[in-house]
Amino acid sequence: MPLFWLLLACFILAPCACFLLLAVSPRLFGQGGQWFTLTYLHQALTGATAVAIVNSLWVSSAAAVMGVAIGFPIAWLVARTTLPGRRFLPGAMWLVLLLPSWLPALGWERIVQPDGVMYRLGLDWPWVTHAIMGPFGVVLLLGLRCVPFSYLAITAALAGLGQEFEDAARVHGASRVAALRLIIPILAPAIWSALAIGFAESISDFGVAATLAYNSNFSLATYQLYAAIGNFPPSFPLAAGMGWLLVAAVAIPLALQARALRGRSYAVLSGRTRLAVRRQLRGWSQAGATAGVGLFFVVALGVPGFGAVSASLLADYGGSFKLTLANYHALFAQTNLAAAAGGGLLSPIERSLGYGAVTATITVIGGFIAARMLARRRTRATGALDFLLLASVALPGVVFGAGYIFAYNLPIMSRLGINLYQTVTLLIIAYTAASLPTNARVLVGAVSQLQPSLKDAARAHGAGAVIAWARGVLPVVSRPIVMAWLFTFCGVFLELPLSQLLYAPGSPPTSIAIEDNLSNYHFGVGMAQAVLAVAICLTAVGVVLGGYRLLAPAGWRRIGSAIGGGRG
Amino acid sequence: MADPITIENLGKTYPGGNQALRDVSLEVEPGTFLVLLGPSGSGKTTLLRCLAGIERVSSGRIAIGKRTVADGRIHVPPDQRDLSMVFQDYALWPHLSARDNVAFALRRRHLSRSECRTRAQEMLDRVGLAALASRYPNELSGGEQQRVALARALIADTGLILCDEPLSNLDADLRERMRVEISALVREAAATTVYITHDQAEAFALADQVGVLERGRLVQAGPPEEIYTRPATPFVARFTGLAGEFGVRVRERDGDGTVLVEPPHGHRFRARASAGPLAGPDALVMIRPTGVRLCADGSADVHLSGRVTDVAFRGRGYEHAIDIDGSTRLTGVFAEARTARGEMVGLRLDPAGCHLFPAGS
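It should be emphasised that the depicted structure is a prediction, and the values quoted were computed from it without experimental measurement.

Some words on the packing of helix α4 (residues 89-98) of chain A against helix α8 (residues 135-160) of chain A
When two helices pack together, their arrangement is given by the angle between the helix axes and the distance between those axes.
All names here are of chain A.
(1) Moving on: The N-to-C vectors of α4 and α8 enclose an angle of 135°; their axes lie 8 Å apart at closest approach. Classed by the angle they form, the pair α4 and α8 counts as oblique. Considering only the axes of α4 and α8, their crossing is left-handed. Contacts between α4 and α8 involve Met93, Val96 and Leu97 from the former and Val147, Pro148 and Tyr151 from the latter.
(2) Moving on: Looking at side-chain class alone, the contact of α4 with α8 contains 6 nonpolar, no polar and no charged residues.

What follows is the structure, encoded as structure tokens:
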């Protein structure tokens, strides 16, 4: 356990703490003359950075509200009505959640950009370009990304909201509308959570900030922080000042939400909760609901998917809509372009596959250890771990990456013989450290179901330690572990902010290779890479889940589906 | 003002074809405490929910007072039936305090907000929760939540109160105390009450009238004494408590409604004949725990002999399990004195507690 704590301190706490401390005490790290100053915080609140912060705040607020406004009705329709195709919606929502925000942003961009798919199809609609390539488009894309969070939070709350609350209102004199008004506040915690998570996710998002927003000259805080480090000369103290503002912007709504709900349990699950009756949708109500839900998926997945696929089938130059497989040929052939990309256009994808698999495996092991510690009796140590992991979940990826650059670039690291900066090792460590908190939170639910008696019973009935673990523990956690592995694998495979800041020169991962191709106007090849990457990701999900379904004993799947049903 | 209830040929079939109620007819006098008794799946909850208006009936008619609230064409929504209900898991709205939960039921009375709060406070006082009025449901114990639910059902002075197994989530001690409180409070309110349970002891303790349901049919309705002493079917007899049952040969019928029967291993005794005719010489006798007494083996008037296989102390005496000729077991045989396991004992049977039904029923 001390080793585990040491690793957490070195790879999560220290880099971020050093980076944030830098904003107020640059001399501590040899970055200036002052031991204590608020200058950089002040600088972060003035000029272009202030504009970026204000933009981020309002855009994130709007996106969070949009997420709830769309996610709530979809969750309600899925849980409480006979909406056609409702069984497929949870899977489709997971797909929206799984795709990093930069991919749909690129898909939309490739459609509406002046030489994009829309114009090549002969649709000369500059007003669409103007709307998408600006604040409206940014809010739209961030808002669509918030929908799955709202959907998941509200679905979970609706599952526990039995029919009795509505029935009780009706028999005690409330009309249908009054009963609905009465029970909606019961969902308030879920709505507040959805708003807080949506806001936090949006304000810490880097994918849209670095693509659509940047290309639209709409400055957001995360990109400004990246620019403060990436531009010459880099200003780490200013980036750290912005880091403080971002952390505060994420932490404040989460803290307010926790405070608002403190001591007020809205727990409504009981063992005998009567399942809610599904409202039969017919005629116009069915058509309207289906069209509304369909529209969401068209905008969230269909349009960017069409944009990405069609752009990958178009030549980079020329104005016609003539489809070609040349970009895919280029991916698989050793061309000049491929050589320029450093050993072939498929190399980044192969590299990311390796990074994803290694990181997911390490992270699941670490996450399981952390989850076991969290699930045990609460002590100061587990309380500290809980706080550290929660804080890390809320930490924007770009702050995390900046912390790594700063901490592992410090002269003391060289003196200690730790030369990790600009190495694949540091990138994988950063991926792992960034994924571990989420993994631990995902696994803690399943691990808390593990009664010591499960293992003890196996031991008491003659099983050795390994067999006891395999028979008594593994079946209970197998499915959540598989889901956590997949979640991490896909996340790392398509990860952008840490990759952008920390990739080893000459070894770009997938997201960086795609970005490079696009910024060099190789749109077709870039989008072909993106399409291939998503296809590989989905294939991996299918293969792993299919393999689990085929190979795991039936009993494991039953237990796993009951326990790991939440986020797993 | 309490309402009578009329239920005529009621049927309810759920989507998917599950026939939950079949041809149920029942009259409930105003102010009656009716308990619907039956095992899981017998249709008692469905009947209650049809009365509440939460479920639509498939056929038949329900009238509350003189007003038809449900039939093939009419479905009066729950909020317009002027009734109240105590739910199995109480269904207290978690975001409202105990006082606001109770006051909600007064909305239909169109009183001012302050009047509602005052009355809710008074009602909580009546159920002993005045000091906890500001607490939220999750801050109350199970028994306290149950009282809030009861207060919510009583406050609006509706003519009909429905109770859906309200004691099933409570432990044994609290259950008994709450049973007494429910009985006292709803009778004080003088409303017609329909209460469902699967616990026959609870049903007999509370009811003016008991209705026994089996697979969607009402198989017997009447005062608890009648249900116990004259069960209409073997199902009713079994469900309302038996010491045991075994086959007998019919020897002689009397004009007083009793029949002389002979068990395979024992002496002849008299049993009460059921309403239907006994076909053939064979019959089934069902014995209530109150219909069998323990006596010394070999006594002159012993009807059966057996060996004690188990004995349980019940405070006021002992309940024994007796094995008769290795094939029949009688349980709950009461005696003030303990008889050790393995001892042979004699059993004397009382005709009032022995009910005879056709063989194979």
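Remarks on the interface of chain A and chain B
(1) Moving on: Contact with chain A, which involves 22 residues of that partner, is made by 22 residues of chain B.
(2) Moving on: With 6 residues, the top contributor of residues to the side of chain A that touches chain B is helix α9 (residues 164-171) of chain A.
(3) Moving on: For the side of chain A that touches chain B, the per-class residue count stands at 11 nonpolar, 6 polar and 5 charged.

A closer look at the domain arrangement of chain B
Residues and elements named next belong to chain B.
(1) Moving on: Each assigned domain of chain B is listed here: domain 1 (5-236) and domain 2 (242-358).
(2) Moving on: With centres defined by C-alpha atoms, the gap from domain 1 to domain 2 works out at 38 Å.
(3) Moving on: Looking at the side of domain 1 that touches domain 2, its residues break down into 3 nonpolar, 1 polar and no charged.

Regarding the domain arrangement of chain A
Residues and elements named next belong to chain A.
(1) Moving on: What the domain assignment lists for chain A is domain 1 (1-28 + 326-568) and domain 2 (45-268 + 282-324).
(2) Moving on: When each unit is reduced to the centre of its C-alpha atoms, the spacing between domain 1 and domain 2 is 23 Å.
(3) Moving on: Contact residues are listed per partner, giving 35 residues for domain 1 and 36 residues for domain 2.
(4) Moving on: For the side of domain 1 that touches domain 2, the elements supplying multiple residues, two or more each, are α1 (2-22), α16 (326-332), α20 (397-407), α26 (497-502), α27 (510-519) and α28 (523-551).
(5) Moving on: Top contributing element to the side of domain 1 that touches domain 2 by residue count: α28, with 7 residues.
(6) Moving on: Residues that form the side of domain 1 that touches domain 2 fall into these classes: 27 nonpolar, 7 polar and 1 charged.

Structural notes on the environment of B:Arg152
(1) Moving on: Mapping B:Arg152 onto the fold places it in helix α4 (residues 142-154).
(2) Moving on: Residues B:Arg152 and B:Val311, 159 residues apart in the sequence, show an inter-C-alpha distance of 44 Å.
(3) Moving on: Excluding its chain neighbours within four sequence positions, the residues that come into contact with B:Arg152 are A:His172, B:Asn101, B:Val102, B:Phe104 and B:Ala105.

Regarding the sheet that holds strand β7 (residues 160-164) of chain B
In sheet architecture, strand pairing relies on hydrogen bonds along the backbone and comes in two forms, parallel and antiparallel.
Residues and elements named next belong to chain B.
(1) Moving on: Taking strand neighbours across the sheet as the criterion, the 6 strands line up as β6-β7-β8-β3-β9-β10 in an open arrangement whose pairing is mixed. Either end of the sheet is taken by a strand with one partner, and the two such strands are β6 (83-86) and β10 (217-222). Strand-to-strand twist in this sheet, taken as the mean axis angle between neighbours without regard to direction, amounts to 20°.
(2) Moving on: Here strand β3 (residues 33-37) runs beside strand β8 (residues 192-197); their pairing, made up of 5 bridges, is parallel. Bridged to Leu37 within β8 is Thr197.

A look at the sheet that holds strand β17 (residues 318-324) of chain B
Residue and element names in this part refer to chain B.
(1) Moving on: Spatially, β15-β19-β16-β17-β18 is the arrangement adopted by the 5 strands of the open sheet, whose pairing is antiparallel. Across the chains shown, the open sheet's two edge strands, defined by having one partner strand only, are β15 (292-295) and β18 (328-335). When the angles between neighbouring strand axes are averaged without regard to direction, this sheet yields 45°.

Structural notes on the nonpolar core
(1) Moving on: Ranked by size, the top nonpolar core spans 268 residues in total, and within it A:Ile154, A:Ala430, B:Val102, B:Leu162 and B:Val285 carry the most contacts.
(2) Moving on: When residues no more than four places from it in sequence are discounted, the contact partners of B:Leu162 are B:Leu48, B:Leu51, B:Ala52, B:Leu83, B:Met85 and B:Val194.

Focus on unusual backbone geometry
All names here are of chain B.
(1) Moving on: Positive phi, normally seen in glycine, also occurs at Ala91, with a value near 50°.
(2) Moving on: Summarising the element assignment, Ala91 is placed in the loop between β6 and α2 (98-104).
(3) Moving on: For Ala91, a count of 29 C-beta atoms within 10 Å translates into the label buried.
(4) Moving on: Notably, Asp325 is not glycine yet its phi reads approximately 45°, a positive angle.
(5) Moving on: Here Asp325 shows up in the loop between β17 and β18.

Considerations on the environment of A:Ile229
All names here are of chain A.
(1) Moving on: As for its placement among the helices and strands, Ile229 is situated in helix α13 (residues 221-230).
(2) Moving on: Here Ile229 falls in the partly exposed class, since 19 other C-beta atoms lie within 10 Å of it.
(3) Moving on: Along the chain, Ile229 and Ala239 lie 10 residues apart, while their C-alpha atoms are 6.6 Å from each other.
(4) Moving on: For Ile229, the contacting residues outside a window of four places in its chain are Pro234, Phe236, Ala239, Ala402 and Ile405.

Side note on the packing of α8(A) against helix α12 (residues 207-215) of chain A
All names here are of chain A.
(1) Moving on: Where α8 contacts α12, the two axes come as close as 10 Å, and the packing angle between them is 150°. When the axes of α8 and α12 are compared, the pair comes out roughly antiparallel. Between α8 and α12 lies a crossing whose hand is right-handed. On α12, the residues touching Gly137, Val138, Leu141 and Leu142 of α8 are Val208, Leu212 and Ala213.
(2) Moving on: Looking at side-chain class alone, the contact of α8 with α12 contains 6 nonpolar, 1 polar and no charged residues.

Side note on the pairing of β10(B)
Looking along a regular strand, one sees the side chains alternate between the two faces of the sheet.
Residue and element names in this part refer to chain B.
(1) Moving on: Here 5 bridges tie strand β9 (residues 209-214) to β10, and the two strands are oriented antiparallel to one another. By the bridge assignment for β10, Val212 is matched with Gln220.
(2) Moving on: From the end of β9 to the start of β10, which pair antiparallel, there are 2 residues, and Arg215 there has a positive phi angle of about 45°.

Some points on the confidence of the model for chain A
All names here are of chain A.
(1) Moving on: Per-residue confidence for chain A averages 83 on the pLDDT scale, and 90% of its residues sit at or above 70.
(2) Moving on: No element of chain A has a lower mean pLDDT than helix α17 (residues 336-340), which averages 54, and none a higher one than helix α3 (residues 47-80), which averages 92.
(3) Moving on: Predicted confidence for residues 267-272 stays below pLDDT 50, and this span has 10 contacts to residues more than four positions away or in other chains.
(4) Moving on: With pLDDT under 50 throughout, residues 562-568 is counted as low confidence; its partners more than four residues away or in other chains account for 17 contacts.

Points about the environment of A:Phe88
Residue and element names in this part refer to chain A.
(1) Moving on: Secondary-structure assignment places Phe88 in the loop between α3 and α4.
(2) Moving on: Take Phe88: there are 11 C-beta atoms within 10 Å of it, and that puts it in the exposed class.
(3) Moving on: As for Phe88 and Val78, which are separated by 10 residues in sequence, their C-alpha atoms are 9.8 Å apart.

Parameters and conventions
- Along every chain, residues carry numbers that run from 1 in the direction the sequence is written.
- Whichever chain is written first becomes A and whichever ligand is written first becomes 1, with later ones labelled in order.
- In view of the model being predicted, local features appear only for residues whose pLDDT reaches at least 70, and side-chain atom pairs are presented and counted only at 80 or more, with totals across whole chains, interfaces and linings using the full set of residues.
- Here the axes come from fitting lines to C-alpha atoms, over the contacting stretch only for helices, and the angles between their N-to-C directions go from 0 to 180 degrees.
- Starting at the N terminus, helices and strands are each numbered in turn, a helix being any DSSP run of H or I of at least four residues and a strand any DSSP run of E of at least two.
- Every angle not falling under 35 degrees, over 145, or within 65 to 115 is termed oblique; those three ranges are roughly parallel, roughly antiparallel and roughly perpendicular.
- For any helix crossing, the convention is left-handed if the near helix is rotated counterclockwise from the far helix by under a right angle, and right-handed if that rotation is clockwise.
- We call two residues in contact when their backbone-placed C-beta atoms lie within 7 Å.
- Note that Gly is not counted as nonpolar here; it falls among the polar residues with everything else outside the nonpolar set of Ala, Val, Leu, Ile, Met, Phe, Trp, Tyr, Cys and Pro and the charged set of Asp, Glu, Lys and Arg.
- What marks off one domain from the next here is an automatic or database domain assignment.
- Pairing between strands requires that DSSP locate at least two bridges from one strand to the other.
- Definition of nonpolar core: a set of buried Ala, Val, Leu, Ile, Met, Phe, Trp, Tyr and Cys residues joined via C-beta atoms within 7 Å.
- Three exposure classes are used, based on other C-beta atoms lying within 10 Å of a residue's own C-beta, which is placed from the backbone: buried for 20 or more, exposed for 12 or fewer, and partly exposed in between.
- For every residue, the predictor reports its confidence as pLDDT, a number between 0 and 100.

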